[in-house]
Amino acid sequence: MTTPAAVCLGESMAVLMPERTGPLEDAETFRRGFGGAESNVACALAALGVGAAWISRVGADGLGRSLVARIAAHGVDTSAVSVDPDRPTGLYLKETGAGDGHPYDLGAGRSRLHYYRRGSAASAMGPEVLADPVAAPLLDGARLIHLTGITPALSDSCHRLVRSLLAVPGRRISFDLNWRPALWAGRDRQALRFLMNGSQIVLLGADEAREVLGTDDPEALRRLLPRPEVLVLKDDGHRSTAIAPDGSALAEPALRVEVVEPTGAGDGFAAGYLAGVLRGLPERGRLRLGHLTAAAALTHRGDLAVPPPPETVERLLAADEAGWAAVRVDAAGFHPGGAR
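About the thresholds
Residues numbered from 1 in each chain as written. Predicted model: local features only at pLDDT ≥ 70, side-chain atom pairs only at ≥ 80, totals over all residues. Heavy atoms only, no water. Pairing = 2+ DSSP bridges. Helix = DSSP H or I, 4+ residues; strand = E, 2+ residues; numbered from the N terminus. Buried < 20%, exposed > 50% of the residue type's maximum accessible area, 1.4 Å probe, protein only. Core = buried A, V, L, I, M, F, W, Y, C linked by side-chain atoms within 4.5 Å. Contact = heavy atoms within 4.5 Å. Salt bridge = Lys/Arg side-chain N within 4 Å of Asp/Glu carboxyl O. Disulfide = S-S within 2.5 Å. Axes fitted to C-alpha atoms, helices over the stretch in contact; angles between N-to-C directions. Parallel < 35°, antiparallel > 145°, perpendicular 65-115°, else oblique. Left-handed = near helix turned anticlockwise from the far one by under 90°. Nonpolar A, V, L, I, M, F, W, Y, C, P; charged D, E, K, R; others polar. Arc of directions from axis to C-beta. Polar contact = N/O pair within 3.5 Å; in protein donor to acceptor, adjacent residues only side chain to side chain.

**Here we look at the sheet that holds strand E15 (residues 256–257)**
- Pairing within the open sheet is mixed, and its three strands lie in the order E15-E16-E17. Every other strand in the sheet has two partners, leaving E15 and strand E17 (333–335) as the edge strands with one partner each.

What follows is the structure, given as structure tokens:
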């Protein structure tokens with residue numbers, strides 16, 4: 001069996017989504033899914049043709065069994081997901097605005113996640129994962145290990161796990177800041193600087209950088225984080241910028257997208273960028289593949305979306321600046337030259 005090129009480690013949770021938009025108090029029926037930054041990236045990598053594994057822990061309950069099966073159905077190796085007999089699988093509810101004027105409505109196109117994850121099975125993960133007979137070969141054989149700033153905030157043992165992974169020499173680790181203020185309440189957010197600086201690839205939003213590091217200036221960020229081989233700064237829907245160790249920067253504009261739902265775009269970008277890394281694409285191609293995968297997520301409901309067809313990806317990766325700038329994206333697909 002081929003060892004997956006990428007291993008993503010972190011919590012995934014069951015998610016309940018109302019069948020209709022609007023405030024939760026008006027929701028009568030829900031559909032079940034799953035969500036978690038690291039498993040989202042693993043699924044998107046698999047959809048892009050990159051072998052991916054997901055390592056985590058779930059409860060001995062139906063929600064855990066269901067989400068593992070669903071992630072595996074996306075082509076992700078879930079063999080190293082362990083089952084905790086005592087702690088439950090994490091859960092969150094997703095609320096989406098209807099724009100109907102209800103006093104508690106979020107507004108059309110806006111969404112909010114309500115988490116119930118304290119004391120979850122995944123929060124009990126620790127450095128022992130590195131010695132697990134199933135997880136260890138996956139971690140040792142991966143060309144890339146993907147982590148986020150969510151995992152070290154779940155518990156002290158999860159924080160030690162992330163630090164232990166970073167301490168193993170010779171591993172290439174990508175770290176998406178994925179700032180969650182509520183999770184870091186009462187914890188030292190400056191620990192994130194240490195974790196990012198110990199990684200090879202760092203992805204962070206400009207807003208996250210300002211809040212956690214106090215700046216989104218590329219040169220200032222490089223002074224704070226001198227060790228990674230690249231910092232990828234994402235400026236909402238405007239552009240992404242790759243910052244080299246010497247402070248030089250390459251920016252690539254985002255595509256113009258008719259947004260259906262914003263959730264999942266960050267994970268989509270991470271998956272596209274990392275797929276570009278593993279494919280050996282030049283830096284501009286990595287940024288473009290990130291934007292393409294993010295755009296696919298933005299034009300579909302839910303955290304996951306099918307990336308554009310390979311022929312569309314290759315055509316847009318090879319487009320000149322004018323051709324790239326002319327692309328428009330909506331729920332029907334990717335349209336060159338603004339055609340609908």
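**A short note on the pairing of strand E9 (residues 144–148)**
- Counted residue by residue, E9 has five buried out of five residues, so it is predominantly covered.
- Because side chains alternate across E9, one face comprises the buried residues Leu144, His146 and Thr148, and the other comprises Ile145 and Leu147, equally buried.
- As defined by bridge partners, strand E1 (residues 6–9) adjoins E9 across three bridges and the pair is classed as parallel. Within E9, the residue paired with cysteine 8 across the bridge is histidine 146.
- Of the strand pairs in this sheet, E9 and strand E10 (residues 173–176) are connected by four bridges, and their pairing is parallel. Across the sheet, the residue bridging to threonine 148 is aspartate 176, located in E10.

**Side note on the nonpolar core**
- In this structure, Leu45, Trp54, Ile201, Leu255, Tyr273, Leu292 and Phe334 are the most contacted members of the largest nonpolar core, which totals 49 residues.
- Element by element, the count of residues in this core is highest for helix H10 (residues 265–279), at nine residues.
- When sequence neighbours within four positions are dropped, the list of residues in contact with tyrosine 273 reads Ile201, Leu203, Val230, Val232, Glu283, Arg286, Leu287, Leu289 and Gly290.
- In this structure, Cys158, Val162, Leu177 and Ala209 belong to the second largest nonpolar core, which totals 43 residues.

**A word on the pattern of salt bridges**
- Enumeration over the complete set of coordinates arrives at 14 salt bridges.
- Linking arginine 57 and aspartate 84 is a salt bridge whose minimum nitrogen-to-oxygen distance equals 3.8 Å. Taken together, the residues arginine 57 in strand E5 (residues 57–59) and aspartate 84 in strand E6 (residues 82–84) connect sequence positions 27 residues apart.
- Relative accessible area serves as the criterion here: at 16%, arginine 57 is assigned to the buried category.

**Considering the state of the cysteines**
- Under the definition given, this model contains zero disulfides.
- We note that cysteine 43 lacks a disulfide partner, and the nearest cysteine sulfur, in cysteine 8, lies 8.9 Å from it.
- The exposure class assigned to cysteine 43 is buried, which follows from its relative accessible area of 3%.
- Just so you know, cysteine 158 is unpaired, no disulfide at all, and the nearest cysteine sulfur is the one on cysteine 8, 16 Å from it.
- The exposure class assigned to cysteine 158 is buried, which follows from its relative accessible area of 0%.

**Considering unusual backbone geometry**
- For asparagine 178, which is not glycine, the phi torsion reads 45 degrees and is therefore positive.
- With respect to the secondary-structure elements, asparagine 178 resides in the loop between E10 and helix H6 (181–184).
- Under the relative-accessibility criterion, asparagine 178 is labelled buried at 8%.

**Some thoughts on the sheet that holds E1**
- Here we have eight strands laid out as an open sheet, ordered E4-E1-E9-E10-E11-E12-E13-E14, and mixed in their pairing. Whereas interior strands pair on both sides, the edge strands pair on one side only; in this sheet they are strand E4 (52–55) and strand E14 (249–253). With direction set aside, neighbouring strand axes in the sheet form an average angle of 20 degrees.
- Packing against the sheet, helix H5 (residues 156–167) makes contact with E1, E9 and E10, and its axis sits at approximately 145 degrees to E10.
- Its contacts with the sheet put helix H11 (residues 283–298) on strand E12 (230–235), strand E13 (239–243) and E14, and the angle it makes with E14 is roughly 35 degrees.

**With respect to the side chain of threonine 215**
- Within the element layout of this structure, threonine 215 appears in the loop between helix H8 (206–213) and helix H9 (218–224).
- Those residues in contact with threonine 215, other than ones at most four positions away along the chain, are Ala209, Arg210, Ala220, Leu221 and Leu224.

**Here's the deal with the packing of helix H1 (residues 37–47) against H10**
- Two elements in contact, H1 and H10, have axes whose closest approach is 8 Å; the angle formed by their N-to-C orientations is 50 degrees. What the angle tells us is that H1 and H10 run oblique. Where H1 crosses over H10, the two elements pack in a sense that is right-handed. Counted together, Ala37, Asn40, Val41, Ala44 and Leu45 of H1 and Asp267, Ala270, Ala271, Leu274 and Ala275 of H10 form the full contact between these two elements.
- Residue classes in the contact of H1 with H10 are distributed as eight nonpolar, one polar and one charged.

**A short note on H8**
- Turning to H8, its buried residues are Ala206, Glu208, Ala209, Val212 and Leu213. Seen along its axis, H8 keeps its buried residues to an arc of 155 degrees; they face one direction.
- Close packing links the buried residues of H8 with helix H7 (191–197), strand E11 (201–205), H9 and E12.
- Just downstream of H8 lies glycine 214, where phi reads positive at about 85 degrees.

**Examining the environment of histidine 291**
- Mapped onto the elements, histidine 291 comes out in helix H11.
- A residue is classified by how much of its surface remains accessible, and histidine 291, at 7% relative accessible area, is buried.
- On a C-alpha basis, the gap between histidine 291 and glycine 237 in space is 9.1 Å, while along the polypeptide they are 54 residues apart.
- Once residues within four sequence positions are removed from consideration, histidine 291 is found in contact with Arg239, Ser240, Glu252, Pro253, Ala254, Leu255, Phe269 and Trp324.
- There is a polar contact of 3.1 Å between the side chain of histidine 291 and the backbone oxygen of glutamate 252.

These figures capture arrangement, not role.
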